[in-house]
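What the coordinates show
Below are the chains, spelled out letter by letter.
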Amino acid sequence: MSYFINNMRRFAGELLSGPPGAIPKRLGSAFGTKLGTGAERLLGASGAGRFVGRTYRGPGLVLMFHEIHDDVEAQLRTGCSPDQLRRVLVALKHEGRDVITIEEALQRLQDPRPKPFALLTFDDGYRDNRDKALPILEEFGAPMTMFVPTGMVTREIYAWWLGLRALFARHDSVDIAAMSHRFDCSDAARKNAAMRQATLWVGTDRLRAAALADTFSAYGISLAGLVATVAMDERELKAFAAHWLVTIGGHTTTHTFLSGLDDASARADIADNRRYLQDMLNAPVRHFAYPYGTPGACGAREAGLVAEAGYATGFTTRPGQLFAAHLDCPHLMPREDTGFANLSSAQLASRLNGSRRAWASRFGNPVAGID
Ligand SMILES: [Zn+2]
């Protein structure tokens, strides 16, 4: 380990001996297309992240959370702890970023020298966002937007990720026929590894997700039952939406990979959800997040459909920060994921200082869009 650190220090020394403007190029030639936590550690340990951040740090930063768990290991690291949320809020304060609403962000981006800001977004409509996150947000006076798929509220969603978690958490051995694989889940580490492997296998493939249904029924898992235990219902969501810090946004009806749907189905999945939320809340719903949000799950066609449905913005999960240039493509805004356990200091820093985008884009365009 110390060998690794010494090497990093030596490399960082060489890197920082030239003008800061040359750093991204030198990092790029040294690492080529390799991207990962090693790179994040290097950026963090060498201090190079701060320099890279001069280019890749935008006035705005959008953070993504999902579930908030007191015991993140027991929940197979599918959410983050209240402590991690607090740590992120403290770091944002330290960086001088105001936490504001999306509407205010759209205003600030028009300012030639906007005061730095961050947006907090929570996906899918989990009840623990109200019970665990909101009290912390109240302390900081930090607004949040929750992106809600209709199916979460009605319990009709095909929440395969909740099914997988229940499978691996409850059993010591799980046979997934669609993967032709039997998982040994006899301890916590193996359960976590199985969850990670099966989630990666689904990737952005709608058909693979659907192929898990046989396994869920073979093990007697009711997805509707699982959704009811973790997600807000209509009554809860209405009350939550009335809170002064909360904005509700759209997240499709079925929470599927939109890229796998034909035009008419994708259009309906987006527009029906907006109508459903607006009718329930009796208020306009102006902001949207793509399920999964990766380049494989959404792109130019989906952005067009989101605009057509009447949304002012659409958020992906592409790494990157917000720049004024995003006002020209507001339906493909980047977001940084800070909602999964457990972010190391270097991983958090690379999200906050913009260097994660530098790696993800191979030191390309700081403005994430269609890529
Ligand atoms: Zn989602």
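Scroll up to find the structure this text is about.
Structure report, in brief. Please read these numbers as outputs of a predicted model, since none were measured by experiment.

Conventions and cut-offs
Residues numbered from 1 in each chain as written. Predicted model: local features only at pLDDT ≥ 70, side-chain atom pairs only at ≥ 80, totals over all residues. Buried ≥ 20, exposed ≤ 12 C-beta atoms within 10 Å, placed from the backbone. Helix = DSSP H or I, 4+ residues; strand = E, 2+ residues; numbered from the N terminus. Pairing = 2+ DSSP bridges. Core = buried A, V, L, I, M, F, W, Y, C linked by C-beta atoms within 7 Å. Contact = placed C-beta atoms within 7 Å. Axes fitted to C-alpha atoms, helices over the stretch in contact; angles between N-to-C directions. Parallel < 35°, antiparallel > 145°, perpendicular 65-115°, else oblique. Left-handed = near helix turned anticlockwise from the far one by under 90°. Nonpolar A, V, L, I, M, F, W, Y, C, P; charged D, E, K, R; others polar.

Regarding the pairing of strand E7 (residues 173-176)
- Residues Val174 and Ile176 line the buried face of E7, whereas the alternating positions Ser173 and Asp175 sit on a face that is not buried.
- Relative to strand E8 (residues 181-184), E7 runs antiparallel, the two sharing four bridges. Bridge assignment links Asp175 to a residue of E8, and that residue is Arg182.
- Where E7 folds back onto E8 in an antiparallel hairpin, the turn is made up of four residues, including Ser180, whose phi is positive at roughly 50°.

Looking at helix H17 (residues 345-353)
- Turning to H17, its buried residues are Ala349, Ser350, Arg351, Leu352 and Asn353.
- With its phi angle positive at about 90°, Gly354 sits one or two positions after the end of H17.

Observations regarding the nonpolar core
- Formed by 86 residues in total, the largest nonpolar core has its most connected members in Leu63, Ala118, Leu120, Val148, Ala159, Trp160 and Phe168.
- Here this core takes seven residues from helix H9 (residues 160-170), the largest share from any one element.

A closer look at the environment of Asp172
- Looking at where Asp172 falls in the secondary structure, it is placed in the loop between H9 and E7.
- Given 12 C-beta atoms within a 10 Å radius, Asp172 is considered exposed.
- The sequence separation of Asp172 and Ala188 amounts to 16 residues, and the corresponding C-alpha distance is 9.8 Å.
- For Asp172, the residues in contact, after removing those within four places along its chain, are Cys185 and Ser186.

Thoughts on the environment of Ala177
- Here Ala177 lies in the loop between E7 and E8.
- Between the C-alpha atoms of Ala177 and Asp214, which are 37 residues apart in sequence, the distance is 8.1 Å.
- When near neighbours in sequence (up to four residues on either side) are disregarded, Ala177 contacts Asp214 and Thr215.

Digging into the packing of H9 against helix H13 (residues 223-230)
- Put simply, H9 and H13 touch, their axes get as near as 9 Å, and they point 95° apart. Judged by the inter-axis angle, H9 sits roughly perpendicular to H13. The segment H9 lies against H13, with Leu162, Gly163 and Ala166 engaging Leu223, Leu226, Val227 and Val230.

Concerning the packing of helix H15 (residues 263-281) against helix H16 (residues 300-308)
- It is the contact of H15 with H16, at a shortest axis distance of 9 Å, that shows an interaxial angle of 45°. Judged by the angle between their axes, H15 and H16 are oblique. Of the two elements, H15 crosses H16, and the hand of that crossing is right-handed. On H16, the residues that touch Ala266, Arg267 and Ile270 of H15 are Glu302, Leu305 and Val306.
- The residue makeup of the contact of H15 with H16, split by class, is four nonpolar, no polar and two charged.

Quick notes on unusual backbone geometry
- Of note, the amide linkage connecting Ala341 to Asn342 takes the cis form, showing an omega dihedral of -25°.
- Here Arg155, not a glycine, exhibits a phi torsion of approximately 75°, which is positive.
- Positionally, Arg155 belongs in the loop between helix H8 (150-154) and H9.

As far as function goes, none of this settles anything; it's purely spatial.
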